[in-house]
Amino acid sequence: MTAKVRVAVVGASGRMGRTLIEAAKQHEMIYLGAAVERKGSTLIGVDAGELAGVGTMNVAITDSLDIASEHFDVLIDFTSPESSLVHLEWCSKNNKAIVIGTTGFNHAQKEMINAFAEQTPVVFAPNMSVGVNLTLKLLELTAKVMGDYTDIEITEGHHRFKKDAPSGTALKMGEVIADTLGRDLEECAVYGREGMTGERDRNTIGFSTIRAGDIVGDHTVMFADIGERVEITHKATSRMTFANGAMRAAYWLSDQDSGLYDMQQVLGLN
Ligand code: NAD
């Protein structure tokens, strides 16, 4: 029988962190070796000390990756861009693999991830759900057939606490469409069309954002012509879908050489 993969969850008291701990405990091929959180973090009412509930599994609970180090081989990180980069650098110095689910990285930060991945196995994906990654494939196909002559608009909705906008998933969807059409997303993206007058430029890709209540993650991409339109929608109703994807990524990554991978590769959708 293949051995279980030992993981640590960093950002353990966050919305995703707590879901990741649940998913790790339920996954038969994953061993949760450590839960790491900033000292004194009381985000959404959970003190780092309260994570002691997971201690029944012999989990190291700590605010230090150095202390957790002997308990895991793959770090699962859903924190913030700045923290994820610190953790990535630590992983590359300490021979660990890392699954990064954090979103909101700027261009220079993405370049740093690229550089670290030369000596570290990294899965980096703004959305780890199977459904969204299948949706990316559907978008590629739709863009090939309809993208040149339709108006393309991407709408996304998330909970009121989300820090970045548009979502990393919406941007990834835009990137897949732009790549398929041979466009540069940075040049053709339009964020909001409030106050717009005059005809819409068909070469642009529009982004609209909604932040409300506890929406886990909704995305719709519209390819609209005169007379018909195609709308492709994905709705996440539970964070467990992202967490299970992250476990799948960690298991897959434990067997890979250094390099930057995405969920399409993890899921064999390439
Ligand atoms: P959150 O704010 O609820 O949780 C983040 C946690 O990380 C907090 O508990 C914080 O204290 C902790 N943290 C930050 N820096 C740390 C450090 N240096 N060491 C230890 N802990 C640290 O946020 P969230 O809703 O859980 O989302 C986290 C990230 O994951 C966001 O960027 C979000 O967009 C992204 N996300 C990605 C996916 C995906 O499938 N890839 C799905 C959902 C959310």
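Note that the structure is predicted; figures quoted are calculated from it, not measured.

Novice: Tell me about the pairing of strand β9 (residues 205-211), and please be specific about residues and values.
Specialist: Pairing of strand β7 (residues 151-158) with β9 involves 7 bridges; the strand directions are parallel. Bridging from a neighbouring strand, Ile154 pairs with Phe207 of β9. With 3 bridges connecting them, strand β8 (residues 189-191) and β9 associate as parallel partners. Residue pairing in the sheet places Val190 in a bridge with Gly206 of β9.

Novice: Could you give an account of the site of the ligand, with specific residues and numbers?
Specialist: The local shell around the ligand holds 25 residues, among which Met16, Glu37, Ser83, Thr103 and Met128 are the closest. Within the side chain of Arg38, an N or O atom sits 3.1 Å from an oxygen atom of the ligand. Here a nitrogen atom of the ligand sits 3.1 Å away from a polar atom, N or O, in the main chain of Ala125. Look at the ligand: alone it shows 860 Å² of surface, and the protein chains cover 89% of it. Comparing atom positions with the cavity grids shows the ligand to sit within the largest pocket.

Novice: How would you summarise the sheet that holds β7 if you had to cite specific residues and measurements?
Specialist: Taken in spatial order, the 5 strands of this open sheet run β8-β9-β7-β10-β11, and their pairing is mixed. Edge positions in the open sheet fall to β8 and β11 (229-236), since each of these has one partner strand only. Strand-to-strand twist across the sheet, computed as the mean angle between neighbouring axes with direction ignored, equals 15°. Inspection of the sheet shows β7 paired to strand β10 (residues 217-224) by 7 bridges, in the antiparallel sense. Each residue of the ladder has a partner; that of Glu153, found in β10, is Met222. Running at roughly 170° to β11, helix α5 (residues 130-146) makes contact with β10 and β11 of the sheet.

Novice: How would you sum up the layout of surface pockets? Please name residues and give values.
Specialist: Put simply, the largest pocket is a space of about 1,100 Å³. In this structure, the largest pocket is lined by 47 residues; those nearest its centre are Met16, Phe78, Thr79, Ser80 and Thr102. Counting only elements with at least two residues in the lining of the largest pocket, the list comes to α1 (15-26), α3 (81-93), α6 (168-181), β10 and β11. In terms of residues, the lining of the largest pocket owes the most to one element, α3, which gives 5 residues. Here the residues of the lining of the largest pocket are counted per class, giving 17 nonpolar, 22 polar and 8 charged.

Novice: Tell me what's going on with helix α4 (residues 107-116), and back it up with residues and numbers.
Specialist: Of all the residues in α4, the buried ones are Gln109, Ile113 and Phe116. Buried residues in α4, looked at end-on, bunch into an arc of 70°, giving them a common side. On its buried face, α4 sits against α3, β6 (121-124) and β12 (259-261). By the N-cap criterion, in which a side-chain oxygen at the helix start approaches the backbone nitrogen of a residue two or three places on, α4 is capped by Asn106, the distance to Ala108 being 3.2 Å.

Novice: Describe the UniProt feature "active site" (unreviewed entry) in the protein chain, with residues and values.
Specialist: The sites that UniProt annotates as "active site" (unreviewed entry) are His158 and Lys162. Those annotated residues from the list above that line the largest pocket are His158 and Lys162. The topology assignment puts His158 in strand β7. For His158, a relative accessible area of 7% corresponds to the buried category. Residue contacts for His158: discarding those within four places in its chain leaves Ser167, Ile210, Arg211, Ala212, Ile215, Val216, Gly217 and His219.

Novice: Explain the side chain of His159 residue by residue, including any values.
Specialist: Relative to the elements of secondary structure, His159 occurs in the loop between β7 and α6. Judged by relative accessible area, which is 9%, His159 ranks as buried. When residues no more than four places from it in sequence are discounted, the contact partners of His159 are Arg15, Arg211, Ala212, Gly213, Asp214, Ile215 and Arg239.

Novice: An account of a negative patch on the surface is needed here, citing residue identities and associated values.
Specialist: Together, Asp179, Asp184, Glu186 and Glu187 make up a negatively charged patch on the protein surface. Among the structural elements, Asp179 can be located in helix α6. Owing to a relative accessible area of 56%, Asp179 belongs among the exposed residues under this scheme.

Novice: Run through the side chain of Glu153, naming residues and quoting values.
Specialist: One can find Glu153 in strand β7. One polar contact links Glu153 to Arg193, side chain to side chain, over a distance of 2.8 Å. Setting aside residues no more than four positions away along its own chain, Glu153 makes contact with Arg193, Arg200, Gly206, Phe207, Ser208, Thr220, Val221 and Met222.

Rules behind the numbers
- Residues numbered from 1 in each chain as written.
- Predicted model: local features only at pLDDT ≥ 70, side-chain atom pairs only at ≥ 80, totals over all residues.
- Heavy atoms only, no water.
- Pairing = 2+ DSSP bridges.
- Helix = DSSP H or I, 4+ residues; strand = E, 2+ residues; numbered from the N terminus.
- Near = heavy atom within 4 Å.
- Polar contact = N/O pair within 3.5 Å; in protein donor to acceptor, adjacent residues only side chain to side chain.
- Areas by Shrake-Rupley, 256 points an atom, 1.4 Å probe, with all protein chains shown as cover.
- 1 Å grid on protein atoms, 1.4 Å probe; cavity = no way out; pocket = protein on both sides within 12 Å on 5 of 7 lines; lining within 4 Å.
- Sits in = over half its atoms within 2 Å of the grid points.
- Axes fitted to C-alpha atoms, helices over the stretch in contact; angles between N-to-C directions.
- Contact = heavy atoms within 4.5 Å.
- Points joined across faces, edges and corners; volume = space filled by probe spheres on them.
- Nonpolar A, V, L, I, M, F, W, Y, C, P; charged D, E, K, R; others polar.
- Buried < 20%, exposed > 50% of the residue type's maximum accessible area, 1.4 Å probe, protein only.
- Arc of directions from axis to C-beta.
- UniProt positions renumbered as here; feature names shortened; annotations may be inferred.
- Patch = residues over 30% accessible without salt bridge, like charges linked within 9 Å, V, L, I, M, F, W, Y side chains within 5 Å.
- Salt bridge = Lys/Arg side-chain N within 4 Å of Asp/Glu carboxyl O.
- Lys, Arg positive; Asp, Glu negative; His and termini not counted.
- Charge placed at Lys NZ, Arg CZ, Asp CG, Glu CD.

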